[in-house]
Amino acid sequence: QVQLAEFGGGLVQAGESLRLSCVASGRTFSMGWFRQAPGKEREFVASISASGHLANYADFVQGRFTISRDNAKNAVYIQMDSLKPEDTAVYYCASGLYSEPSSSFYDYNGWGQGTQVTVSS
């Protein structure tokens, strides 16, 4: 099982951008980003296929986030633009079991430690 480490969280104002990075200790299949706000369950944000050619997003993203990957670096990224206060959460990188992207928590077997994203109004 690969180890995952996220980077890039922080405090920004509404409307600003952040780019999160996740580096894996080895090769991965699909990769995903999930988030968990205080008092809420972990929810799907975005995922990308092993090849990087397919991606899917949660409805609330509404074109504001872009997931990408660099397989040569064993890394996955999420560019988050037009951030809103409701995007405040701990963001987790996840390593998938399959090649195709998935929004299901159960299709992932590796998780990073999370990185805090705070968006002020």
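Just so it is clear, the model here is predicted, and its values are computed rather than measured. (Residues numbered from 1 in each chain as written. Predicted model: local features only at pLDDT ≥ 70, side-chain atom pairs only at ≥ 80, totals over all residues. Heavy atoms only, no water.)

K.L.:
Any chance you could explain the pattern of salt bridges here in plain terms?
P.N.:
Close approach of charged atoms lets side chains of opposite charge pair. Tallied over the full model, the rule gives 3 salt bridges. Arg35 is paired through a salt bridge with Asp87; the nearest N and O atoms lie 2.9 Å apart. On the criterion of sequence distance, the pair formed by Arg35 in strand 4 (residues 31-36) and Asp87 in the loop between strand 8 (75-80) and strand 9 (89-96) is long-range, its members being 52 residues apart. Neither residue differs from the other here; Arg35 and Asp87 are each classed as buried. The partner of Asp87 in a salt bridge is Arg64, and the shortest N-O contact between them spans 2.7 Å. With Asp87 in the loop between strand 8 and strand 9 and Arg64 in the loop between strand 6 (55-57) and strand 7 (65-70), the pair connects residues that are 23 residues apart, well separated along the chain. Residues Asp87 and Arg64 agree in their burial class; the two are buried. A single network of salt bridges, built from pairs that share partners, joins Arg35, Glu43, Arg64 and Asp87. (Salt bridge = Lys/Arg side-chain N within 4 Å of Asp/Glu carboxyl O. Helix = DSSP H or I, 4+ residues; strand = E, 2+ residues; numbered from the N terminus. Buried < 20%, exposed > 50% of the residue type's maximum accessible area, 1.4 Å probe, protein only.)

K.L.:
Could you clarify how one ought to interpret the packing of aromatic side chains in this entry?
P.N.:
We describe a pair of aromatic rings using the distance from one ring centre to the other and the angle between the two ring planes. Under the definition given, this model contains 7 aromatic pairs. Joined through ring pairs, the aromatic side chains of Phe34, Phe44, Phe105, Tyr106, Tyr108 and Trp111 make up one cluster. A cation over a ring is seen here: Arg19 above Tyr77, with NZ or CZ 4.1 Å from the ring centre. (Phe/Tyr/Trp six-rings, centres within 6.5 Å; stacked < 30°, edge-to-face > 60°. Lys NZ or Arg CZ within 6 Å of the ring centre and 35° of its normal.)

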